[in-house]
Number of protein chains: 2
Amino acid sequence: MSVVNLAAMLARFDENWSPKRIARLNDYDVRIVKVHGEFTWHTHEETDELFFVLDGELIVQLRDGDDVVVHPQELYVVPRGVEHCPRADVKTSILLFEPSSVVNTGDAGGDLTAVVETLD
Amino acid sequence: MSVVNLAAMLARFDENWSPKRIARLNDYDVRIVKVHGEFTWHTHEETDELFFVLDGELIVQLRDGDDVVVHPQELYVVPRGVEHCPRADVKTSILLFEPSSVVNTGDAGGDLTAVVETLD
């Protein structure tokens, strides 16, 4: 593979809640996603999920806990089995690290379920 | 876990070539490391290794290829089995994603082999 520049990758799409694969590491993906507004409540029963905020501000709402606010250059891991709903009140870009098998909506499904396109 | 701020974590140590674990995701680690100078030639036979440069400039020297230069906000994955030797001509900070079992010097061992401390 070649070097992946995050700014260049972020410039290649505009849609929200549609993760793009920018690298693979073993059976894991590095994905970037733009978000604005509220996602859907869901759970990943089989895996932790890592959010690393590149710009904007991410609020990880937790069913059984206080909201977690994640700023640029901060990361947060949602443990497996924890119901959560991401929200962004401003346009926000996030890097995700998770198994390649992860579906963005977890157990919830629905219209926001995205096929992960590869940018290369 | 709580939110992890990269700048705050980087401020907590100065030594080079000694990765610190700042988060776990399943059986993977998120590590940060400061580097300056040349590391050691080595190979990870069992895993890919991801370098994400936070500041400075990383040169990934490859035994069988051209040097790869990685700038801040860029990432590069060294595939498993590929012999490499990181080098930084200026002080550089890097975020690593890799299995928790990874030893920094891979098959090479030697004095630069580090025990990974957890910052929390």
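Below is a summary of the structure that appears in this document. (Residues numbered from 1 in each chain as written. Chains lettered and ligands numbered in written order. Predicted model: local features only at pLDDT ≥ 70, side-chain atom pairs only at ≥ 80, totals over all residues. Heavy atoms only, no water.)

## A short note on the overall build of chain A
A count of helical and extended segments in chain A gives one helix and nine strands. In sequence order, chain A lays out its α and β elements as β-α-β-β-β-β-β-β-β-β. For chain A, the C-alpha radius of gyration of 13 Å lies close to 14 Å, the compact-globule estimate for 120 residues. Along the longest, intermediate and shortest principal axes, the C-alpha atoms of chain A span 40 × 30 × 25 Å. The proportion of buried residues among the 120 residues of chain A is 53%. The long-range fraction of contacts in chain A, counting pairs at least 24 apart against all pairs at least 6 apart in sequence, stands at 67%. By element, 47% of the accessible surface of chain A is carried by carbon and sulfur atoms, the whole surface being about 5,300 Å². Between the mean site of the 10 positive side-chain charges and the mean site of the 22 negative ones, chain A shows a separation of 7 Å. (Helix = DSSP H or I, 4+ residues; strand = E, 2+ residues; numbered from the N terminus. Rg over C-alpha atoms; globule rule 2.2 N^0.38 Å. Buried < 20%, exposed > 50% of the residue type's maximum accessible area, 1.4 Å probe, protein only. Contact = heavy atoms within 4.5 Å. Areas by Shrake-Rupley, 256 points an atom, 1.4 Å probe, with all protein chains shown as cover. Lys, Arg positive; Asp, Glu negative; His and termini not counted. Charge placed at Lys NZ, Arg CZ, Asp CG, Glu CD.)

## Structural notes on the pairing of strand β8 (residues 84–99) of chain B
All names here are of chain B. A large share of β8 lies buried, amounting to 12 of its 16 residues. The pairing of strand β3 (residues 28–38) with β8 spans 10 bridges and is classified as antiparallel. When the sheet's bridge partners are listed, V35 is paired in β8 with T92. Bridge analysis of strand β4 (residues 49–55) against β8 gives five bridges, and the strand direction is antiparallel. For V53, the partnering residue across the bridge sits in β8 and is I94. Of the strand pairs in this sheet, strand β5 (residues 58–62) and β8 are connected by four bridges, and their pairing is antiparallel. (Pairing = 2+ DSSP bridges.)

## Here we look at the packing of aromatic side chains
The tally for this structure, following the rule as stated, stands at seven aromatic pairs over all chains. Residues F97(A) and Y28(B) carry aromatic rings whose centres are separated by 6.0 Å and whose planes lie at 65 degrees to one another, so their mutual orientation is edge-to-face. With F97(A) in strand β8 (residues 84–99) and Y28(B) in strand β3, this residue pair bridges two chains. The burial state of F97(A) is the same as that of Y28(B); both residues are buried. Taking the centre distance of 3.8 Å and the plane angle of 10 degrees together, the rings of F97(A) and F97(B) count as stacked. Linking F97(A) in strand β8 with F97(B) in strand β8, this pair reaches from one chain into another. Side by side, F97(A) and F97(B) carry an identical accessibility label, which is buried. (Phe/Tyr/Trp six-rings, centres within 6.5 Å; stacked < 30°, edge-to-face > 60°.)

## Some details on the relation of the copies chain B and chain A
Laying chain B over chain A is done by rotating through 180 degrees and shifting 0.0 Å along the axis; what remains is an RMSD of 0.0 Å. Each copy turns onto its partner about a two-fold axis. Within chain B, the C-alpha atom positioned nearest to the axis of rotation is that of F97(B), 4.3 Å from it. The overlap is high: 100% of the interface residues of chain B also sit at the interface in chain A, so the same surface is used on both sides. (Least-squares fit on C-alpha atoms with pLDDT ≥ 70 in both.)

## Structural notes on the pairing of β5(B)
All names here are of chain B. For β5, a buried count of five out of five residues is recorded, marking the element as mostly surrounded by other parts of the structure. The side-chain alternation of β5 yields two buried faces, one formed by L58, V60 and L62 and the other by I59 and Q61. Here β5 pairs with strand β6 (residues 65–70) via four bridges, running antiparallel. Along β6, the bridge assignment pairs V60 with V68. Here β5 folds back onto β6 in antiparallel fashion, the turn holding two residues.

## Re the environment of A108(A)
Residue and element names in this part refer to chain A. Within the secondary structure, A108 is located in the loop between β8 and β9 (117–118). Remark: the alpha-carbon pair of A108 and H42, spanning 66 residues in sequence, is separated by 5.2 Å. With residues near it in sequence (within four places) discarded, A108 still touches T40, W41 and H42.

## Quick word on unusual backbone geometry
Residues and elements named next belong to chain B. In this structure, W17 is a non-glycine residue whose phi angle is positive, near 60 degrees. If you trace the backbone, W17 turns up in the loop between α1 (6–10) and β2 (20–25). Classification of W17 by relative accessible area gives buried; the value is 12%. In this structure, N26 takes a positive phi of about 55 degrees despite not being glycine. Among the secondary structure elements, N26 is positioned in the loop between β2 and β3.

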